[in-house]
Amino acid sequence: EVQLVESGGGLVQPGGSLRLSCAASEFTFSTYAMNWVRQAPGKGLEWVSAINTDGSYTRYANSVKGRFTISRDNAKNTLYLQMNSLKTDDTAVYYCANGLIDYIKPNRAVGSWGQGTQVTVSS
């Protein structure tokens, strides 16, 4: 069974930084595109970022472009999301997901998803 385990969330002040990690197992990590998707309180899923299999191509939602950086280490089967200049609007549960996730309307029925890690941005 595919396993994706996110970590690194927490409480941070506006303007601060966090680095999320997603440890992958039970599938060939290096052959899958990977994504970060978030869900703010009372809102739907929002796609955040994607990276191709070897990390040579990345894509970001306009809301995080220039502040977040996605990366991966295929030797460690781990996906990362470096989040800088955090805003209160970034408060959400952050999920990693494998495969070709719909950028416009992410769907949990597509790909495998982790359990999520909470990020709270507040003063």
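Reading the values: rules and limits
Residues numbered from 1 in each chain as written. Predicted model: local features only at pLDDT ≥ 70, side-chain atom pairs only at ≥ 80, totals over all residues. Heavy atoms only, no water. Core = buried A, V, L, I, M, F, W, Y, C linked by side-chain atoms within 4.5 Å. Buried < 20%, exposed > 50% of the residue type's maximum accessible area, 1.4 Å probe, protein only. Helix = DSSP H or I, 4+ residues; strand = E, 2+ residues; numbered from the N terminus. Contact = heavy atoms within 4.5 Å.

A. Molecular detail of the nonpolar core. Counting residues in hydrophobic clusters, the biggest one holds 34 residues, and the most contacted among them are W36, F68, L79, L81, M83 and Y94. At the level of secondary structure, the elements contributing two or more residues to this core comprise β3 (18–25), β4 (34–39), β5 (45–51), β7 (68–73), β8 (78–83), β9 (92–98) and β10 (117–121). With 5 residues, the top contributor of residues to this core is β9. Contacts of M83, omitting those with residues within four sequence positions, involve G16, S17, L18, L20, R67, F68, Y94 and V119.

B. Summary view of the environment of R59. Assignment of secondary structure puts R59 in strand β6 (residues 58–60). As for R59 and T120, which are separated by 61 residues in sequence, their C-alpha atoms are 23 Å apart. Setting aside chain neighbours within four positions, we find R59 in contact with W47, V48, S49, A50 and Y103.

C. Representation of unusual backbone geometry in the model. One non-glycine residue, E26, lies in the positive phi region at around 65°. Of note, E26 is situated in the loop between β3 and β4. Overall, the relative accessible area of 58% leaves E26 in the exposed class.

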